[in-house]
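# A look at the structure
Here's the letter readout for the chains.
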Amino acid sequence: MKTKVDLKYVCVLGLLVAAEVVLALPGLTVHTWNLKIGFSFIPIVAAAILYGPVAGGLVGAIGDVITAFLFPVGEYFPGFTATAFLTGVIFGVLLRNKDASVWRVAVSVLASKVILSQCVDTFFISFLYGSPFWPLFVTRLAQTCAMSAVQFAVILLMSKKLLPVLKEHIKI
C-alpha cells in the first residue's frame, strides 16, 4: 500500500511545528517544573482542525521534543511527548471537518486539559520528581482552570474566524 505525501501538507505542518516551538519560547510561555502557561497549543489545534488527528498529534509531539531539547525545563520524559501527541489527536477527532460548536470545543478542551494535563501530566511530574501526587494535583488546578478558559476562548475564535480563511487560502 503506497501513501502519497503531499508537499503542501508537509510544509504547512513544518510551519506549524515551528510556530509551536516559537510560542513555547521562554518569555512567551511560563514554564516551571510543575506548571506551563502559554499559547503553544494554537498550532497543534490548527493542525488538528486543518488536517486531522494524526497531524495534530505530530505537531504536538515533534514540537514537544524540539522544545524539550532547545529550552529544557527539567529532564526530557517521553510521557510528556505522548500526552502532547494525544492532545493533538483529541482536537483532531472532535474538531476536524465538524462544526466547531461550543459543545465540541468545550469537550475537546476539557478532555485535553483535565484528563491529559491535570491527571496524566501531574502523575508524570509526581513520578519524575518524587513529589506527592495529591498536593501537586491541587497546586496545578489553578493552571488547569485558567488555561482551560483561555484555550476554550482562543479555539472557539480560531475555528470561527481564522481557520476558515486559512482553509480557503491554502486550499485544503
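Please refer to the structure higher up on the page.
Here is a short report on the structure shown in this document. These numbers were taken from a predicted model, which means no experiment stands behind them.

The next point concerns helix H2 (residues 41-51). Here H2 lies mainly inside the structure; 10 of its 11 residues are buried. Every buried residue belonging to H2 is among Phe41, Pro43, Ile44, Val45, Ala46, Ala47, Ala48, Ile49, Leu50 and Tyr51, and all of these are buried. In this fold, the buried residues of H2 make contact with helix H1 (7-23), helix H3 (53-70), helix H4 (78-95) and helix H6 (133-170). Of the residues trailing H2, Gly52 is marked for its positive phi of about 110 degrees.

Attention now goes to the packing of aromatic side chains. This structure, assessed with the given rule, holds 11 aromatic pairs. Ring geometry for Phe80 against Phe124: centres 5.8 Å apart, planes inclined by 85 degrees, an arrangement best described as edge-to-face. Here the residue Phe80 occupies a position in helix H4, and Phe124 occupies one in helix H5 (residues 102-129), the gap between them amounting to 44 residues. Judged by relative accessible area, Phe80 falls into the partly exposed class, the value being 21%. The buried category is assigned to Phe124, whose relative accessible area is 15%. When the centroid spacing of 5.6 Å and the interplanar angle of 35 degrees are considered together, the rings of Phe133 and Phe137 count as tilted. Taken together, the residues span about one helical turn, with Phe133 and Phe137 both in helix H6 at a distance of 4 residues.

It is at 10 Å that the axes of H4 and H5 come closest, and there the two elements cross at 170 degrees. The angle between the axes of H4 and H5 places the two elements in the roughly antiparallel class.

Further remarks concern the packing of H1 against H3. The contact between H1 and H3 brings their axes to 9 Å, and the two run at 45 degrees. Relative to H3, H1 is oriented oblique. H1 and H3 meet at a crossing whose hand is right-handed. Between H1 and H3, the residues in contact are Tyr9, Leu13, Leu16, Val17, Glu20 and Val21 and Ala55, Val59, Ile62, Gly63, Asp64, Ile66, Thr67 and Leu70, respectively. When the residues that make up the contact of H1 with H3 are grouped by side-chain class, the tally is 10 nonpolar, 2 polar and 2 charged.

Before going further, it helps to spend a moment on the state of the cysteines. Enumeration according to the criterion identifies 0 disulfides in this entry. Free of any disulfide, Cys145 has its nearest cysteine sulfur in Cys119, 12 Å distant. Its relative accessible area of 54% is what places Cys145 among the exposed residues.

Conventions we followed
- Residues numbered from 1 in each chain as written.
- Predicted model: local features only at pLDDT ≥ 70, side-chain atom pairs only at ≥ 80, totals over all residues.
- Heavy atoms only, no water.
- Buried < 20%, exposed > 50% of the residue type's maximum accessible area, 1.4 Å probe, protein only.
- Helix = DSSP H or I, 4+ residues; strand = E, 2+ residues; numbered from the N terminus.
- Contact = heavy atoms within 4.5 Å.
- Phe/Tyr/Trp six-rings, centres within 6.5 Å; stacked < 30°, edge-to-face > 60°.
- Axes fitted to C-alpha atoms, helices over the stretch in contact; angles between N-to-C directions.
- Parallel < 35°, antiparallel > 145°, perpendicular 65-115°, else oblique.
- Left-handed = near helix turned anticlockwise from the far one by under 90°.
- Nonpolar A, V, L, I, M, F, W, Y, C, P; charged D, E, K, R; others polar.
- Disulfide = S-S within 2.5 Å.

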